[in-house]
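Examination of the molecular architecture
So the chains spell out like this:
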Amino acid sequence: MIRTRFKKVLLVAPDVFPDQLIADCRDLKHVALISNIFPSLYEFNPDIVIFDYDHLGKDIEKVLRRISINKFYDKLKVCCYKSKPNTKTDDLLKTLGVDHLIYTEDISKSPDNKKAPNNTSTIFDSSILKWVVSASH
């Protein structure tokens with residue numbers, strides 16, 4: 001699942017995850033509704049939050065701005081899963097406080113590629129990445 005340095009994970013993605021996958025992760029909370037993001041952040045107090053960019057759409061800017069201005073979320077790491085890279089959008093997301101961007105192509109590349117392991121496996125185990133990829137399809 002998630003590396004040990006991230007004990008609590010909040011996943012904001014659509015409701016396409018099988019319940020048995022969520023049941024195995026006791027320190028993972030899944031949120032599908034945009035209106036439940038901040039109550040869940042306050043209750044659960046995660047170490048890292050993973051946003052599905054395609055699921056949030058235009059609301060991601062509002063959510064990231066709200067996280068960046070609130071001192072309560074200073075230690076929160078923010079990751080964003082995207083289906084494909086886009087320079088303008090990626091730069092905006094980084095400016096708004098996204099720490100890591102994860103792309104579908106980075107995950108699906110062969111293991112001999114040097115870039116993919118450095119970007120993603122340093123943060124996540126492969127099982128959680130496959131799980132996040134399955135949510136977007």
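Residues numbered from 1 in each chain as written. Predicted model: local features only at pLDDT ≥ 70, side-chain atom pairs only at ≥ 80, totals over all residues. Heavy atoms only, no water.

**Some words on the sheet that holds strand E5 (residues 100-103)**
Note the following rule: Any two strands are treated as partners once DSSP identifies two or more bridges connecting them. Helix and strand labels come from DSSP, where a helix needs a run of H or I of at least four residues and a strand needs a run of E of at least two; each type is numbered from the N terminus. Lines fitted to C-alpha atoms define the axes, with helix axes restricted to the stretch in contact, and inter-axis angles between N-to-C directions lie between 0 and 180 degrees. Here, two residues are considered to be in contact whenever any of their heavy atoms come within 4.5 Å of each other.
The sheet built from five strands is open, its strands ordered E2-E1-E3-E4-E5 with parallel pairing. The sheet terminates laterally at strand E2 (28-31) and E5, the two strands that pair on one side only. On average, adjacent strands in this sheet sit at an angle of 20° to one another, irrespective of strand direction. Sheet analysis places strand E1 (residues 9-12) next to strand E3 (residues 48-52), joined by four bridges and oriented parallel. By the bridge assignment, Val-12 is partnered in E3 with Phe-51. In the packing of helix H4 (residues 59-69) onto the sheet, the strands contacted are E3 and strand E4 (77-82), and the crossing angle to E3 comes to about 165°.

**Regarding the pairing of E1**
In plain terms, the rule: Think of it in three bands: with a 1.4 Å probe and only protein chains considered, a residue is buried below 20% of the maximum accessible area for its type, exposed above 50%, and partly exposed in between.
In E1, alternate side chains face the same way, and those of Val-9 and Leu-11 on one face and Leu-10 and Val-12 on the other are all buried. Pairing geometry for E1 and E2, over four bridges, is parallel. Within the sheet, the bridge partner assigned to Val-12 lies in E2 and is Val-31.

**Thoughts on the packing of aromatic side chains**
Operational definition: Aromatic pairs are defined between Phe, Tyr and Trp rings, using the six-membered ring for Trp, whenever the two ring centres lie within 6.5 Å; interplanar angles under 30 degrees are classed as stacked, those over 60 as edge-to-face, and all others as tilted. Look at NZ for Lys and CZ for Arg. If either is within 6 Å of the ring centre and within 35 degrees of the ring normal, a charge sits over the ring.
Summed over all chains, the structure comprises three aromatic pairs. The interplanar angle of 40° and the centroid separation of 5.6 Å between the aromatic rings of Tyr-42 and Phe-72 together place this pair among those described as tilted. Of this pair, Tyr-42 sits in helix H2 (residues 37-44) while Phe-72 sits in the loop between H4 and E4; the two residues are 30 residues apart in sequence, bridging distant segments of the chain. Ring-pair connections join several aromatic residues into one group, and the members of that group are Phe-38, Tyr-42, Phe-72 and Tyr-73. Sitting over the face of the ring of Phe-44, Lys-8 holds its NZ or CZ atom 5.5 Å from the ring centroid. The side chain of Arg-66 reaches across the aromatic face of Phe-38, ending 3.8 Å from its centre.

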